[in-house]
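Below are the chains, spelled out letter by letter.
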Amino acid sequence: MNPTLFISHGAPNLILSNLKSKRNLEYIGRNLKLPKYIMIFSAHYLTKDLKIINPKANEIMYDFYGFEDELYRFKYDIKSDEKLTTNLINSLRNDNINISIDEKRVSFDHGVWSVLALMYKKLEIPVLQLSIPISYSISELINLGEKLKIFKDEALIICSGSLTHNLGDISFASNEKTYAKEFNEKVVNIVKNGNKEELINISKDTNFYKNHPSSEHFLPLYIAFGNAMNKCGKSFNSEMLFSNISMESFIFY
C-alpha cells in the first residue's frame, strides 16, 4: 500500500534552487516505491464541485509571473489516462461522490508539476489531477480522502498546498515570524498525534487567518488526513522561507 503525501509546494522556482526543501522532495521520490499512477490535488485547481481534468491532458501550464526566464523554458513530460479516469469516476459515483470531467482543463498547474519534477526526473506513469471542491465542508473533504483509500494499493495520492500561505507579509529577513512559527508548530503536533477534532477546528486558532488570508492552500491537508490509514503523519520536510512561508510536508501511512 502506498503512503499519502501532503506537500507544501512553495514557489515554482523551487526546482531551480538548492534549498533543503528541494533536496527532501528529491529524496522522498527516490525512496518511495514507484506506484502504478499518481492521484494529485493542487491548491491551484479550485472548482465548485469535484472535477477531474481532461484525460487527454499532457502538458504543463505556466500559471505564474515574474520568475526567472529559465522557469518558462522548463519542460516536463506528463500525461493523464482515460481508462484510469473512467475507473475513478465510476468508483466515486458508486460511492455517492459526484465527480465529472473538466473538459477545458487540459494541462497541469505548477502545484502539480513543480512537485513531481523534483520527485521524478522522468515521469513514466500517468497522473490524475482532481480539483479542490470549494463547496465541500471540512468534514466532506476528509470524507473524500477516506473514499479514496481504495486506490492506495495502486496510486500514490499527493495533496499539494502550503502549511502557511500569507504572500502579502513575506520578508527576506532571516527571522521567522512568530505567528507563522507558532501555527506551524501547532499543526505539526496535531498531525503527529492524529487529532481529527483539532484539525477540523484549526480555523478557530488566532493565527489561522494570519497565515491563510484565503484557505485554499490549507484545504489539501484535510484530504490527505482523511486518506491516511492511521491518521498520524510524520514530517519529512521542515523549512521556513521568506520568514513566514512554511514548507512543512507530511507522509501518512
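All residue numbers refer to positions counted from 1 along the written sequence of the respective chain. In keeping with the predicted nature of the model, local features appear solely for residues at pLDDT of at least 70, side-chain atom pairs appear and are counted solely at 80 or more, and the whole-chain, interface and lining totals rest on all residues. Each side-chain value is derived from all of the structure's non-hydrogen atoms; neither hydrogens nor water enter the calculation.

K.L.:
Help me understand the side chain of His-110, please; the structure alone is not making it clear to me.
P.N.:
Helix and strand assignments follow DSSP, with helices taken as H or I runs no shorter than four residues and strands as E runs no shorter than two, numbered in order from the N terminus. Relative to the elements of secondary structure, His-110 occurs in helix 4 (residues 110-119). Relative accessibility decides the category of a residue: with a 1.4 Å probe and only protein chains considered, values under 20% of the type maximum give buried, values over 50% give exposed, and everything between is partly exposed. Residue classification places His-110 among the buried positions, given a relative accessible area of 5%. Under the rule applied, a polar contact is a pair of N or O atoms within 3.5 Å (in protein, one hydrogen donor and one hydrogen acceptor; residues adjacent in sequence only if both atoms are side-chain atoms). For His-110, the side chain forms a polar contact with the side chain of His-44, separated by 3.3 Å.

K.L.:
Got a minute to help me understand the pattern of salt bridges in this structure?
P.N.:
Side chains that differ in sign of charge can pair as their charged atoms come close. Think of a salt bridge as a Lys or Arg side-chain nitrogen and an Asp or Glu carboxyl oxygen that are within 4 Å of each other. Inspection of every chain in the model, using the stated rule, returns nine salt bridges. Residues Glu-26 and Lys-121 are paired through a salt bridge, measuring 3.2 Å at the closest nitrogen-oxygen approach. Taken together, the residues Glu-26 in helix 1 (residues 20-31) and Lys-121 in the loop between helix 4 and strand 5 (127-133) connect sequence positions 95 residues apart. Classification of Glu-26 as buried rests on a relative accessible area of 16%. In this structure, Lys-122 engages Glu-124 in a salt bridge whose closest nitrogen and oxygen atoms are separated by 3.7 Å. We note that Lys-122, like Glu-124, is exposed. Ionic contacts of the salt-bridge type, sharing partners, join the residues Glu-146, Lys-149 and Lys-231 into one network.

K.L.:
How do you make sense of the layout of surface pockets when you look at a structure like this?
P.N.:
Where empty space is left can be seen by rolling a probe of water-molecule size over the atoms. Both cavities and pockets are sets of points on a 1 Å grid over the protein atoms alone; in a cavity a 1.4 Å probe fits but cannot get out, in a pocket the set is open with protein on both sides within 12 Å along at least five of seven lines, and lining residues sit with an atom within 4 Å of a point. Grid points are joined across faces, edges and corners, and a volume is the space filled by probe spheres set on the points. Counted as a void, the largest pocket has a volume near 510 Å³. What lines the largest pocket is a set of 23 residues, among which Gly-10, Ala-11, Pro-12, Phe-67 and Leu-167 lie closest to the centre. Only Asp, Glu, Lys and Arg are considered charged in this grouping, and only Ala, Val, Leu, Ile, Met, Phe, Trp, Tyr, Cys and Pro are considered nonpolar; every other residue, Gly among them, is considered polar. Counted by class, the lining of the largest pocket contains 13 nonpolar, nine polar and one charged residues.

K.L.:
Just checking my understanding: could you explain a nonpolar patch on the surface for this structure?
P.N.:
Residues qualify for a patch when their relative accessible area is over 30% and they have no salt bridge, like charges being joined within 9 Å and the nonpolar side chains of Val, Leu, Ile, Met, Phe, Trp and Tyr within 5 Å. All accessibility values rest on the Shrake-Rupley procedure with a 1.4 Å probe; residue burial counts only the protein chains present in the view. Taken together, the side chains of Leu-167, Ile-170, Phe-172 and Phe-242 present a nonpolar region at the surface, about 450 Å² in accessible area. As for its placement among the helices and strands, Leu-167 is situated in the loop between strand 6 (155-161) and helix 6 (178-193). Note on Leu-167: relative accessible area 53%, which makes it exposed.

K.L.:
Looking at this model, I keep getting lost on the pairing of strand 2 (residues 37-47). Mind explaining?
P.N.:
Along any regular strand the residues' side chains alternate between the sheet's two faces. With respect to burial, strand 2 is a largely interior element, nine of its eleven residues being buried. For two strands to be treated as a pair, DSSP must find no fewer than two bridges joining them. Of the strand pairs in this sheet, strand 2 and strand 6 are connected by six bridges, and their pairing is parallel. Looking at the pairing, Met-39 lines up with Ile-157 of strand 6. Alignment of strand 2 against strand 5, held across six bridges, turns out to be parallel. Its bridge partner lying in strand 5, Met-39 is registered against Leu-128.

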